[in-house]
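Observations on the model geometry
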Number of protein chains: 2
Amino acid sequence: MDMLSCHLNRDAEISLYEQLYIYIKNEITEGRLAYGSKLPSKRKLAEYLSISQNTVETAYDQLIAEGYVESLPRKGYFVMASGDLEYVQPSDAKPTTDPQEEKHREINFNFHPSWVDTENFPFTQWRKYAKNTIDKQNHKLLLLGDAQGEFELRQEISHYLYHARGIQCSPEDIIVGAGVEILLQQLLLLFDRDTMYGVEDPGYHLILRLLKSYPNEVYPLEVDEEGIQVEPIEKANPNVVYVTPSHHFPYGTVLSVNRRAQLLNWASEEETRYIIEDDYDSEFRYTGKTIPALKSMDPAGKVIYLGSFSKSLIPSLRISYMVLPRPLLQKYKTELGFYHSSVSRIDQHILAQFMREGDFERHLNRMRKIYRRKLEKITELLKPYEKTVSIIGERSGLHIVLAVKNGLREDELVQRAAGAGIKVYPLSAYSLGKNYENPPKIILGFAGIPEDKMETSVTTLLKSWQN
Amino acid sequence: MDMLSCHLNRDAEISLYEQLYIYIKNEITEGRLAYGSKLPSKRKLAEYLSISQNTVETAYDQLIAEGYVESLPRKGYFVMASGDLEYVQPSDAKPTTDPQEEKHREINFNFHPSWVDTENFPFTQWRKYAKNTIDKQNHKLLLLGDAQGEFELRQEISHYLYHARGIQCSPEDIIVGAGVEILLQQLLLLFDRDTMYGVEDPGYHLILRLLKSYPNEVYPLEVDEEGIQVEPIEKANPNVVYVTPSHHFPYGTVLSVNRRAQLLNWASEEETRYIIEDDYDSEFRYTGKTIPALKSMDPAGKVIYLGSFSKSLIPSLRISYMVLPRPLLQKYKTELGFYHSSVSRIDQHILAQFMREGDFERHLNRMRKIYRRKLEKITELLKPYEKTVSIIGERSGLHIVLAVKNGLREDELVQRAAGAGIKVYPLSAYSLGKNYENPPKIILGFAGIPEDKMETSVTTLLKSWQN
């Protein structure tokens, strides 16, 4: 056993023990100290280097903890690793700017259907509830909470669902999650592996893509002016059907009362059949009464209700929820109860307070007016172009669909808009691969366009489509 | 049009306008003021009630803002809502207390390994960053952000990983998600459907259960004093192995350098092989330096790194992240890029600020001291019982494992503790079905026990185990 000729620098920024540890580690990884060789005893090395035994011990302990060295009682310290372990630095270059920023630089107006009006969000109220919640007296909130979500929030959601959507459910039927995708992924685990799905086509593309990333069969189901057709469902025979009955995405159709009854009857015929109702923007109906949820007509418990605060509040909050029929709830508790909630408890309590104090209702009433004005404005602005551009869809929600009959193809319409700094979305992106041509159709989410920019954005868009 | 017979109380705590607003709102929701009926003019109502016109105007404005009333120029004020909006309490019997609370009522001390010290969380700092972030000037944060997570947060994480864990990665390699379960579910979608998994057994039970809920084969892999064994991996031949190299859960073993090299070699032999490194509590090492991450020794890109703020900050925040090797990252972008981020953008920016301003580092340094004191205390308190109770595990992390040789079975130990108001967790709950008896083992997470309760809780526990 040789002594270790380590040169220690008492004036260095790193401690003596660390210098010794690095020295020995390098000796091992660079092959100068071979596997199995014995290290000097603590006492001898301390003497040799004129340092304390404690310093040597700390260095040895670290080497032992990392597995470089082994301590054998009454025998000493031995090298446990061989020299081919060298630490290599990957030479990756790092991007210095956010690539997302880059991508959006040239867009002046974005008609994305997921966008909401951000300028009228009640920041003051939200900040107040955040301040109330982030408080030492709530320190227990830092620990993991109920996997289904905070009871206080689920209670507010159940009140809201009863009051606004006619749905009777108790807080224990509700599962809160970080977005509809997350909830849907959990839901899919509750169905049999060979479950076949039916989806509205065109429909909410995220759900279509999510289902397609699973091995299950997915049937596209056509939509007419009464909503989804039920006869094709009976023929294709999926087990689970995904629908947006209050306001079809993207066409805006309301599922008629007759179709609702047919759909519920279809589901009640087999135990494994279920309907997933995605009620993504029912809050925004500008004339007459709101459309009751399909779930409110479902005493047999065949409807899984999906709700979200993405449209009614803000999408980046990532709070959604589902109401499970009791047999699925039972299965969820048994099989998936070990999953932790995917939403911050603090955020759940902020939202619960916001609802409890009436701010959510006030916000909805206020936004309903703002969005109605925006829709009226866009309809008015489109009037001069009505020969070539017609609006499809109920007068509700946060988006419309334009059928454009000026001879341009869908991709040309999108490209020309992009050339004018405007981002619009083609209907084909929301279908299961089919192309919806003749006339081509474009989805316009109008919620994110400020009122004073409505005119510029719409006229610029329409001009980009003229020859 | 009748006049409104509202009795206003000038001595009430709520203002006159608010009394008037509530009165009219109730008249509408309870059906006494019908849809379309005209309200008195501001002047007339003010005269009739002997209040100022301003007060009436404020009440009307509120009703207009909430959508109950409409103002038509030169015509007057009209009721816009019908009486079936009445807010009715669902008739379901509801639990009046949180059932979670109920369950925990009789527990005085909980040694759950996921618990952290909540009393020393820097509420003031966190509240400050929340206040900064929830601000109208950040209104763009309300829209959906980058699916991989906010660039600012990923940048902070990449700095942290480089300095604290020796990992070189760029922000674009990082995906932020609402918990390790959520990230793991996404990750599983990137592997072939017939992928076989190897997991440490015993191990992190959540991962074991999650993998078992998929149809794939899952192999339990034994752990000895050097960590996971590599020969059994070569025999069982899984494609993907899940490990906790810095601090095995729950035994606390550090994967030795030799085993690390073997494991990396094994992975590099086939393109489909990957190692998932869960680095759940590496921040808390109380002697010497931290153990470098396995990922830091991985120039070949075979290690998927999972990190979390659950231990280092708080579990209920639900922010975790993974670092993907480039081929998987590419696949993620192509196949799963449509998923929205599962974490609130506001929360991501609060955390990014917390890290950027040095608060995270300060918090870790502070908590390391507190947790070390707690570990020293518990070790000391257990000394008198060393004949029957021995501690297993490295001196690090937020939990220890006790091997109890007093003749009681594992379930008896748990039950006796429960009888004394103490919740402890059996090792068998963290295994793939095997029972670890002789001697039975109990996991004690000590982080959540306040320092001044350490003595009472540990001695009560140990007394409950005596005959």
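First, a word on scope: everything that follows refers to the structure included in this document. (Residues numbered from 1 in each chain as written. Chains lettered and ligands numbered in written order. Predicted model: local features only at pLDDT ≥ 70, side-chain atom pairs only at ≥ 80, totals over all residues. Heavy atoms only, no water.)

1. Quick notes on the overall build of chain A
Summing up its helical and strand segments, chain A has 15 helices and 17 strands in all. On C-alpha atoms alone, chain A measures out to a radius of gyration of 31 Å, which is more than a quarter above the 23 Å that the 2.2 N^0.38 rule sets for 467 residues. With the C-alpha coordinates aligned to their principal axes, the bounding extent of chain A is approximately 95 × 55 × 50 Å. When burial is assessed residue by residue, chain A has 58% of its 467 residues classed as buried. Sequence-distant contacts, at least 24 apart, represent 73% of the contacts inside chain A between residues at least 6 apart. By element, 46% of the accessible surface of chain A is carried by carbon and sulfur atoms, the whole surface being about 19700 Å². Distance between charge centres in chain A, computed from 56 positive and 64 negative side chains, equals 3 Å. (Helix = DSSP H or I, 4+ residues; strand = E, 2+ residues; numbered from the N terminus. Rg over C-alpha atoms; globule rule 2.2 N^0.38 Å. Buried < 20%, exposed > 50% of the residue type's maximum accessible area, 1.4 Å probe, protein only. Contact = heavy atoms within 4.5 Å. Areas by Shrake-Rupley, 256 points an atom, 1.4 Å probe, with all protein chains shown as cover. Lys, Arg positive; Asp, Glu negative; His and termini not counted. Charge placed at Lys NZ, Arg CZ, Asp CG, Glu CD.)

2. Notes on the pairing of strand 3 (residues 76–79) of chain B
Residue and element names in this part refer to chain B. Inspection of the sheet shows strand 1 (residues 38–39) paired to strand 3 by 2 bridges, in the antiparallel sense. Of the residues in strand 3, the one forming a bridge with Leu39 is Tyr77. In this structure, strand 2 (residues 69–72) lies alongside strand 3, joined through 4 bridges in antiparallel fashion. Across the sheet, the residue bridging to Glu70 is Phe78, located in strand 3. Taking the residues that link successive antiparallel strands as the turn, the strand 2-strand 3 hairpin has 3 residues, and the phi of Arg74 there is positive, at about 65°. (Pairing = 2+ DSSP bridges.)

3. Details of the sheet that holds strand 17 (residues 441–445) of chain A
Residues and elements named next belong to chain A. An order of 13-14-17-16 is seen for the 4 strands of this open sheet, with the pairing classed as antiparallel. Both edges of this open sheet fall to strand 13 (389–392) and strand 16 (425–426), since each of them pairs with a single strand only. Pairing of strand 13 with strand 14 (residues 399–404), which is carried by 4 bridges, proceeds in the antiparallel orientation. For Ile391, the partnering residue across the bridge sits in strand 14 and is Leu402. Running over the sheet, helix 13 (residues 359–382) touches strand 13, strand 14 and strand 17 and is turned about 10° from strand 14. Its contacts with the sheet place helix 14 (residues 410–419) against strand 14, strand 16 and strand 17, and it is angled at close to 40° to strand 17. (Axes fitted to C-alpha atoms, helices over the stretch in contact; angles between N-to-C directions.)

4. A look at the pattern of salt bridges
Across all of its chains, the model carries 36 salt bridges over all chains by this definition. For Lys42(B), the salt bridge identified is with Glu57(B), shortest N-O distance 3.7 Å. With a gap of 15 residues between them, Lys42(B) in helix 2 (residues 42–49) and Glu57(B) in helix 3 (residues 53–65) connect regions that are remote in the sequence. With relative accessibility at 31%, the residue Glu57(B) sits in the partly exposed group. Ionic pairing is found between Arg165(B) and Asp279(B), a salt bridge with its closest N-O pair at 2.6 Å. Within this pair, whereas Arg165(B) is found in helix 6 (residues 151–165), its partner Asp279(B) is found in the loop between strand 11 (274–278) and strand 12 (303–308), the two being separated by 114 residues in sequence. Each member of the pair Arg165(B) and Asp279(B) is classed as buried. Members of the salt-bridge network, linked through shared partners, are Arg409(A), Asp411(A) and Glu412(A). (Salt bridge = Lys/Arg side-chain N within 4 Å of Asp/Glu carboxyl O.)

5. Comments concerning the interface of chain A and chain B
The interface is formed by 91 residues belonging to chain A together with 101 residues belonging to chain B. Together, the buried faces of chain A and chain B total about 8800 Å²; carbon and sulfur atoms form 59% of this surface. Three residues, Ile134(A), Leu142(A) and Phe338(A), lead the burial of chain A against chain B; their summed loss comes to 8% of the area buried on that side. For the interface between chain A and chain B, the tally reads 2 salt bridges. In this structure, the salt-bridge partner of Asp135(B) is Arg127(A), at a minimum N-O distance of 3.8 Å. There are 19 residue pairs in polar contact (both at pLDDT 80 or more) connecting chain A and chain B. Per element, the largest residue contribution to the side of chain A that touches chain B is 6 residues, and it comes from helix 13 of chain A. (Buried area = accessible area lost by both parts, 1.4 Å probe. Polar contact = N/O pair within 3.5 Å; in protein donor to acceptor, adjacent residues only side chain to side chain.)

6. Describing the pairing of strand 7 (residues 218–221) of chain B
All names here are of chain B. As paired strands, strand 6 (residues 197–200) and strand 7 are joined by 4 bridges and run parallel to one another. Among the inter-strand pairings, Tyr197 is bridged to a residue of strand 7, identified as Val218. Taken together, strand 6, helix 8 (residues 205–212) and strand 7 constitute a β-α-β crossover, and its handedness is right-handed. (Right-handed = clockwise from strand over helix to strand, strands pointing away.)

7. Focus on empty space enclosed by the protein
Using the criterion set out here, one finds 12 cavities of 30 Å³ or more in the structure. The volume enclosed by the largest cavity comes to roughly 90 Å³. Here the lining of the largest cavity is composed, by residue class, of 10 nonpolar, 2 polar and 2 charged. (1 Å grid on protein atoms, 1.4 Å probe; cavity = no way out; pocket = protein on both sides within 12 Å on 5 of 7 lines; lining within 4 Å. Points joined across faces, edges and corners; volume = space filled by probe spheres on them. Nonpolar A, V, L, I, M, F, W, Y, C, P; charged D, E, K, R; others polar.)

8. Focus: the sheet that holds strand 17 (residues 425–426) of chain B
Residue and element names in this part refer to chain B. Taken in spatial order, the 4 strands of this open sheet run 14-15-18-17, and their pairing is antiparallel. Only two strands of the sheet have a single partner each, and these edge strands are strand 14 (389–392) and strand 17. Here strand 15 (residues 399–404) runs beside strand 18 (residues 441–445); their pairing, made up of 5 bridges, is antiparallel. The partner of Val401 across the bridge, within strand 18, is Ile443. Contacting strand 15, strand 17 and strand 18, helix 14 (residues 410–419) runs over the sheet at an angle of about 40° to strand 18.

9. Quick notes on the packing of helix 2 (residues 42–49) of chain A against helix 3 (residues 53–65) of chain A
Residue and element names in this part refer to chain A. One way to put it is that helix 2 packs onto helix 3 with a least axis distance of 8 Å and a crossing angle of 120°. The angle between helix 2 and helix 3 places the two elements in the oblique class. The handedness of the crossing between helix 2 and helix 3 is right-handed. Seen from helix 2, the contacting residues are Lys42, Arg43, Leu45 and Ala46; seen from helix 3, they are Gln53, Val56, Glu57 and Tyr60. Its residues assigned to classes, the contact of helix 2 with helix 3 shows 4 nonpolar, 1 polar and 3 charged. (Parallel < 35°, antiparallel > 145°, perpendicular 65-115°, else oblique. Left-handed = near helix turned anticlockwise from the far one by under 90°.)

10. Quick look at helix 10 (residues 257–268) of chain A
Helix length check: helix 10 of chain A, at 12 residues, gives a terminal C-alpha distance of 17 Å against a target of 16 Å (1.5 Å per residue), a fit within 8%. Tucked into the core, helix 10 of chain A has its buried residues touching strand 7 (223–224), strand 8 (227–228), helix 9 (231–236), strand 9 (240–243), strand 10 (274–278) and strand 11 (303–308) of chain A. (Expected span 1.5 Å × (residues − 1).)

11. A few points about the side chain of Asn239(B)
Structurally, Asn239(B) can be placed in the loop between helix 9 (231–236) and strand 10 (240–243). At 2.7 Å, the side chain of Asn239(B) forms a polar contact with the backbone nitrogen of Met196(B).

12. Observations regarding the packing of helix 7 (residues 180–190) of chain B against helix 8 of chain B
All names here are of chain B. In contact at an axis separation of 11 Å, helix 7 and helix 8 are set at 35° when each is read in the N-to-C sense. Like other packed secondary-structure pairs, helix 7 and helix 8 cross with a definite hand, here right-handed. From helix 7, Val180, Glu181, Leu184, Gln185 and Leu188 reach across to helix 8, where they touch Leu206, Ile207, Leu210 and Leu211. Partitioned by chemical class, the residues of the contact of helix 7 with helix 8 number 7 nonpolar, 1 polar and 1 charged.

13. Overview of unusual backbone geometry
Between Asp201(A) and the following residue, Pro202(A), the backbone shows a cis peptide bond with an omega angle of 5°. Looking at where Pro202(A) falls in the secondary structure, it is placed in the loop between strand 5 (197–200) and helix 8 (205–212). The omega torsion across Phe249(B) and Pro250(B) is 0°, close enough to zero to call that bond cis. Structurally, Pro250(B) can be placed in the loop between strand 10 and helix 10 (257–268). Phi at Arg318(B) is positive, roughly 55°, even though this residue is not glycine.

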